[in-house]
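This is what each chain is made of:
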Amino acid sequence: MALYYDLPVFKEVYQLTLRLFQLTTDFPREYKFTLGQDLKRDCIILVRYIYRANKTKDKTQYLEQFLDHFEIVKFEVRLCADLKLITMKQRAELSLKLESIGKQITAWRNSGSKSQNLQG
């Protein structure tokens, strides 16, 4: 089993988290300690789900939780763009990263559920 921090999806989630930490430093005070803090916390939670999914045999539960939480992060990024807290270029950059992460997690979840169906 690969270490969680060697997984390509972990590396992308880490890059997303790092980028969001950088972007939230420029948020106005009104949003820095609400939306900004939530966004940073929610990204760290995504890392936790990758760690847990990687260390357990039944990954589906954690990958489903990742995807549920991931929708919140996507919503928060959209909200940041609509509130003009990030530029359209920054939103496009984040959207590409989010799309890639979503595809990788979905593929990981689907590959795990297929192998469980074959065993069951």
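Predicted model only: the values in this text are computed from it and were never measured. (Residues numbered from 1 in each chain as written. Predicted model: local features only at pLDDT ≥ 70, side-chain atom pairs only at ≥ 80, totals over all residues. Heavy atoms only, no water.)

Engineer: Before we move on, can you summarise the packing of aromatic side chains with the specific residues and values?
Structural biologist: The tally for this structure, following the rule as stated, stands at five aromatic pairs. Each ring, one from Tyr-4 and one from Tyr-51, has its centre 5.2 Å from the other, and the planes form 80°; the classification is edge-to-face. Placement of the pair is Tyr-4 in the segment before α1 (8-24) and Tyr-51 in helix α2 (residues 29-55), with a sequence separation of 47 residues. When its relative accessible area of 27% is taken as the criterion, Tyr-4 is described as partly exposed. Residue Tyr-51 is classed as partly exposed on the basis of its relative accessible area of 37%. Aromatic ring contacts, followed pair by pair, group Tyr-4, Tyr-5, Phe-10, Tyr-14 and Tyr-51 into a single cluster. In this structure, Lys-40 is placed above the aromatic ring of Phe-21, and the distance from its NZ or CZ to the ring centre is 5.2 Å. (Phe/Tyr/Trp six-rings, centres within 6.5 Å; stacked < 30°, edge-to-face > 60°. Helix = DSSP H or I, 4+ residues; strand = E, 2+ residues; numbered from the N terminus. Buried < 20%, exposed > 50% of the residue type's maximum accessible area, 1.4 Å probe, protein only. Lys NZ or Arg CZ within 6 Å of the ring centre and 35° of its normal.)

Engineer: Give me the environment of Lys-59: which residues, what numbers.
Structural biologist: Along the chain, Lys-59 falls in the loop between α2 and α3 (60-82). For the pair formed by Lys-59 and Tyr-5, sequence separation is 54 residues and the distance between their alpha carbons is 16 Å. Apart from residues no more than four positions distant in its own chain, Lys-59 is found in contact with Ala-53, Asn-54 and Trp-108. (Contact = heavy atoms within 4.5 Å.)

Engineer: Give a detailed account of the state of the cysteines, specifying residues and quantitative values.
Structural biologist: Scanning all chains against the criterion turns up zero disulfides. In this structure Cys-43 is a free cysteine whose sulfur lies 10 Å from that of Cys-80, the closest cysteine sulfur available. Note on Cys-80: relative accessible area 1%, which makes it buried. (Disulfide = S-S within 2.5 Å.)

Engineer: Explain the confidence of the model for the protein residue by residue, including any values.
Structural biologist: Of the residues in the protein, 92% have a pLDDT of 70 or more, and the chain-wide mean is 92. Note on residues 115-120: pLDDT is under 50 here. Beyond four places in sequence and across chains, it has two contacts. (pLDDT = per-residue confidence, 0-100.)

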